[in-house]
Amino acid sequence: MKERLRVLASPIAAALASIGIAVGVLLALGHAPLGALEALVRGAGGSPAAWTGTLQKSTPLLLTGLAVALSFRCGVWNIGAEGQLYAGALAATFVATRWLPADGGAWLVAPVLVAGALGGAGFGALAGWLRAARGVSEVISTILLNFVAIQLVAYAIQGPLQEAPRAYPQSDPLPHGAMLPALDRLHLGVPLALIAALVVAFLIDRTAVGFRLRAVGHAPEAARFAGLSPERLGTLALALAGGLAGLAGAVELAGMTGRLYEGLSPGPGYTAIAVALLARLAPLAVIPSALFFGALANGALAMQREAAIPSVATQVVQGIVILLSVGFALGRLSLARERVPSEGEA
Amino acid sequence: MDALLEAALRLATPLLFAALGELLVERSGVVNIGIEGLMLTGAFAAFAVAVTTASPGLGVAAGVSASVALGMVFAWFVVLRSADQIVVGTAVNLLALGATGLALRSLFPGGIPAAPVVGPLEIPGLASLPVVGTALFGATPFVPTSLAATLCVALFLARTRAGLRWRAVGEVARAADAEGVRVAAVRIGAIAVGAAFAGIAGAMLPLAQSNTFSEGMTAGRGFIALAIVIFGRWNAIGCAAAALFFGATTALQFRLQARGLAVPYPLALALPYVLTLAVLAIATGRARAPRDLGRPYRREAH
């Protein structure tokens, strides 16, 4: 029971401490932090509209946080959730605006989401292939692929996927039937992301394939002796993670923006890593963790509006959360410890 | 031809400084993917101090100091707390991106000023040397300094006792420890020196290349430097050759675009990253990393 309490208390302490340090940074830069904090809290949850915004912002963070948690649990350092999100959004936009009929019914949303997941999975699998076949460290390849995906989206919305009037760098709007149904601005992506968390938790902790993935993450050489292939399972982990991140891109597209444009991603990709680490890589704990960072992102907008504090301040909080999560004995974070670099891996 | 060589060297120099820093860190057994954040911190500190004091020299000093300071945060977590190096490096990148963006908008609310520029070294005769004169000595002193630094790093690692200990820590930390080498001290020292190099690499972006600072202006150069270390097979001369290859490719790309080659701009921007991936896919298999790279060393662990 005591252990349980500690496990629960330490992430909360990390979250609070990081906000405390960020307040210190704001003070040092000459801002008045109290008014800012008040604006932050009000903007994150002070009204029903604020709550809606927080849930909207939490949804892609939940899906990308799951992507990172899943791959880290499997000993794969996927830093590419942002690129995979964009790849998913790109694939979903292509299917929605080029293949699907403009006047189709509500069934259109299904192929859009599937295309997003497949696009992200393909992008993740690309890093997996580079790792398995060419020995390229997934750390570097996923980071570089983030930059590639961002430029691919930029190219698509100025070129082949640009809107018909060719006025702005954005895609055509999605057909009406391809949009996620919404209830009072809360779209179906919110419960979908929650279900994804349950599925990932089940997959990782309760299935044979989840066991193999964890075994490879925990002790790759021992797993190899047991007949498992760290290369193949690593590629599978990257593809699954990419699928989740790509689904996040499709959900953002079909739930919120309705069009593809630059800056669709909820935050410079690393946010997902903070989400996963604060949750200590447990899929179900990613739910409250994503809610925390979603609230932070939403509140930061109000803070910028009302207290003139740039919302990039949230990235400082994210960075500190990561450091506190891995740097202190906050329970034992089950990152892959026995990490044997294969030949040439950096 | 002269102009192309000059451009190639100019574009290669920040990559080379960053790669030399990362090389030193990795030869001691630590991967610092926070190098991108260290560069960005160095770039901002150099910019802010150079603008305030109107002295680019002080700017460079500030860039190096700020990068080393953040590097020490990284060192504390990865060496003394044995935290995972990839994760802490990511946190350093996030912190740097957030803190520099926040500081930029807080310190310069009225708009981003121009930075004073580091002028060329005025050593009579050198700039008029045939072929390499202008390329090496015509522009900023960073270019010749980076080449001199390459030789120093190469000699240090290959020919000095300290360099031998440094490599021993990266290859077999436990054996080095048994021989009386202080593993933690060497690694912290390596991270500090590596951060200083990253600071120079960052400082030269606002003070010698674009004359101003913009958010996230390092644009992945630190990550490309990580790839250059692999491509350069963990040796200084190899890193210089790899950095020059990247510089030359980028210079050539600019040249072709200026001549009106019809490549859509975003695809041109993606080229360095695709090129880096392609180079890694070809070169990684044949390079050998230091054996203990990425492994925290705990004395009591067996």
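The numbers attached to residues start from 1 for each chain and follow its sequence in the written order. Chains carry letters and ligands carry numbers; both start at the beginning, A for chains and 1 for ligands, and go up in the order they are written. Only residues with pLDDT of 70 or above have their local features reported here, since the model is predicted, and side-chain atom pairs are shown and tallied only from 80 upward, although totals for entire chains, interfaces and linings are computed over all residues.

## Some points on the overall build of chain B
For clarity, the cut-off: Secondary structure follows DSSP: runs of H or I at least 4 residues long count as helices, runs of E at least 2 residues long count as strands, and numbering of each begins at the N terminus. We compute the radius of gyration from the C-alpha atoms alone; for a globule the expected value is 2.2 Å times N to the 0.38, where N is the number of residues. Every C-beta atom is placed from the backbone, and the number of other C-beta atoms within 10 Å of a residue's own sets its class: buried at 20 or more, exposed at 12 or fewer, partly exposed in between. By the criterion used throughout, residues are in contact when their C-beta atoms, derived from the backbone, lie within 7 Å.
Secondary structure summary: chain B contains 12 helices and zero strands in total. Along its sequence from the N terminus, chain B presents helices and strands in the succession α-α-α-α-α-α-α-α-α-α-α-α. Since a compact globule built from 302 residues should have a radius of gyration of about 19 Å, the 19 Å found for chain B is in line with a globular shape. Overall, chain B is about 60 × 45 × 45 Å in size when its C-alpha atoms are taken along their principal axes. Out of the 302 residues belonging to chain B, those deemed buried represent 54%. Taking the contacts inside chain B whose residues are at least 6 apart along the sequence as the reference set, 78% of them involve residues at least 24 apart.

## Some details on the overall build of chain A
Secondary structure assignment for chain A yields 13 helices and two strands. Its C-alpha atoms give chain A a radius of gyration of 20 Å, within 12% of the compact-globule value 20 Å for 346 residues. With respect to the principal axes defined by its C-alpha atoms, chain A has extents near 60 × 50 × 35 Å. Burial status across chain A gives 58% buried among its 346 residues. Long-range contacts, defined here as pairs at least 24 residues apart, represent 80% of the contacts in chain A between residues at least 6 apart.

## A closer look at helix α10 (residues 230–257) of chain A
Our working definition: Working rule for helices: expected span equals 1.5 Å times residues minus one.
With 28 residues, α10 of chain A ought to run about 40 Å at 1.5 Å a step, and its terminal C-alpha atoms sit 38 Å apart, in line with that. Across the 28 residues of α10 of chain A, 24 count as buried, placing the element largely inside the fold.

## A word on the environment of Ala167 of chain A
Residues and elements named next belong to chain A. Summarising the element assignment, Ala167 is placed in the loop between α6 (138–158) and β1 (182–183). Of the residues examined, Ala167 has 8 C-beta atoms within 10 Å and is grouped as exposed. C-alpha of Ala167 to C-alpha of Gly119: the two residues are 48 residues apart in sequence and 27 Å apart in space.

## A look at the interface of chain B and chain A
For the record, the criterion: Throughout this entry, Asp, Glu, Lys and Arg are counted as charged residues, while Ala, Val, Leu, Ile, Met, Phe, Trp, Tyr, Cys and Pro are counted as nonpolar. The remaining residues, Gly among them, count as polar.
Facing the 46 residues of chain B at the interface are 45 residues of chain A. Counting only elements with at least two residues in the side of chain B that touches chain A, the list comes to α4 (85–107), α10 (221–231) and α12 (265–283) of chain B. A per-element tally of the side of chain B that touches chain A places α4 of chain B first, with 16 residues. Classifying every residue of the side of chain B that touches chain A by side-chain character gives 31 nonpolar, 10 polar and five charged.

## A look at the packing of helix α13 (residues 313–327) of chain A against α4 of chain B
In plain terms, the rule: Between the N-to-C directions of two axes lies an angle of 0 to 180 degrees, each axis being a line fitted to C-alpha atoms and, for a helix, fitted only over the stretch in contact. For this classification, under 35 degrees means roughly parallel, over 145 means roughly antiparallel, 65 to 115 means roughly perpendicular, and everything else is oblique. Rotating anticlockwise by less than a right angle from the far helix to the near helix defines a left-handed crossing, while the corresponding clockwise rotation defines a right-handed one.
Running from N to C, α13 of chain A and α4 of chain B cross one another at 155°; their axes reach a closest spacing of 7 Å. Between α13 of chain A and α4 of chain B, the crossing angle belongs to the class labelled roughly antiparallel. Classified by chirality, the crossing of α4 of chain B by α13 of chain A is left-handed. Taken together, the residues of α4 of chain B that come into contact with α13 of chain A (itself represented by Ala313, Gln315, Val316, Gln318, Gly319, Ile322, Leu323 and Val326 of chain A) are Val87, Val88, Thr90, Ala91, Leu94, Leu95, Leu97, Gly98, Ala99 and Leu102 of chain B. Residues belonging to the contact of α13 of chain A with α4 of chain B are distributed by class as follows: 13 nonpolar, five polar and no charged.

## Examining the environment of Gln315 of chain A
Within the fold, Gln315 of chain A resides in helix α13. According to the C-beta neighbour criterion, Gln315 of chain A is buried, with 27 such atoms within 10 Å. For the pair Gln315 of chain A and Tyr270 of chain A, spaced 45 residues apart in sequence, the C-alpha separation works out to 8.9 Å. The residues contacting Gln315 of chain A, other than those within four sequence positions of it, are Leu94, Leu97 and Gly98 of chain B.

## Some remarks on the confidence of the model for chain B
Residues and elements named next belong to chain B. Condition: What pLDDT conveys is the predictor's confidence in a given residue, as a value from 0 to 100.
Averaged over every residue, the pLDDT of chain B is 89; residues scoring 70 or more account for 92%. Looking across chain B, the model is least confident in helix α5 (residues 133–137), with a mean pLDDT of 65, and most confident in helix α2 (residues 35–53), with 97. At the level of chain-chain contacts, confidence expressed as ipTM amounts to 0.87, with global pTM at 0.90.

## Topic: the environment of Ala192 of chain B
Residues and elements named next belong to chain B. Checked against the element boundaries, Ala192 lands in helix α9 (residues 183–209). Residue class for Ala192 comes out partly exposed when judged on the 17 C-beta atoms lying within 10 Å of it. With 124 residues separating them along the chain, Ala192 and Val68 place their C-alpha atoms 5.5 Å apart. With residues up to four places along the chain from it excluded, the contact list for Ala192 reads Val68, Gly71 and Met72.

## A short note on the confidence of the model for chain A
Overall, the predicted model of chain A reaches an average pLDDT of 88, with 92% of residues at or above 70. Under a pLDDT of 50 for its full length, residues 336–346 of chain A has, in the predicted model, 32 contacts with residues more than four places off or in other chains.

## Overview of the nonpolar core
In globular proteins that are soluble, nonpolar side chains generally tend to be buried together. So the rule is basically this: The nonpolar core criterion groups buried Ala, Val, Leu, Ile, Met, Phe, Trp, Tyr and Cys residues into a set whenever they are joined through C-beta atoms within 7 Å.
Of all hydrophobic cores here, the largest spans 232 residues; its most connected members are Ala254 of chain A together with Ile228 of chain B. Looking at this core element by element, the count peaks at 17 residues for α9 of chain B.

## Side note on the packing of helix α11 (residues 271–278) of chain A against helix α12 (residues 286–307) of chain A
Residues and elements named next belong to chain A. The interhelical angle for the contact between α11 and α12, taken along N-to-C directions, is 135°, at an axis separation of 8 Å. Taken together, the axes of α11 and α12 lie oblique to each other. Crossing geometry of α11 relative to α12 is assigned as right-handed. In contact with Thr271, Ala274, Val275, Ala276 and Leu278 of α11, α12 contributes Val286, Ser289, Ala290, Phe292 and Phe293. Per-class residue counts for the contact of α11 with α12 are eight nonpolar, two polar and no charged.

## Structural notes on helix α6 (residues 142–159) of chain B
Residues and elements named next belong to chain B. Cut-off, in case you're wondering: The directions from the helix axis to the C-beta atoms form the arc being described.
The terminal C-alpha atoms of α6 lie 25 Å apart, and with 18 residues this matches the ideal 26 Å at 1.5 Å per residue to within 8%. Of all the residues in α6, the buried ones are Phe142, Val143, Ser146, Thr150, Val153 and Leu157. Taken end-on, α6 shows its buried residues confined to a sector of 95°, consistent with a single buried face. Among the exposed residues of α6, those oriented more than 90 degrees off its buried face are Ala148, Leu151, Cys152, Leu155 and Arg159.

## Some thoughts on unusual backbone geometry
Even without being glycine, Arg166 of chain A reaches a positive phi, approximately 55°. Relative to the helices and strands, Arg166 of chain A resides in the loop between α6 and β1. Unlike most non-glycine residues, Asn211 of chain B shows phi in positive territory, near 60°. Inspection of the secondary structure assignment puts Asn211 of chain B in the loop between α9 and α10.

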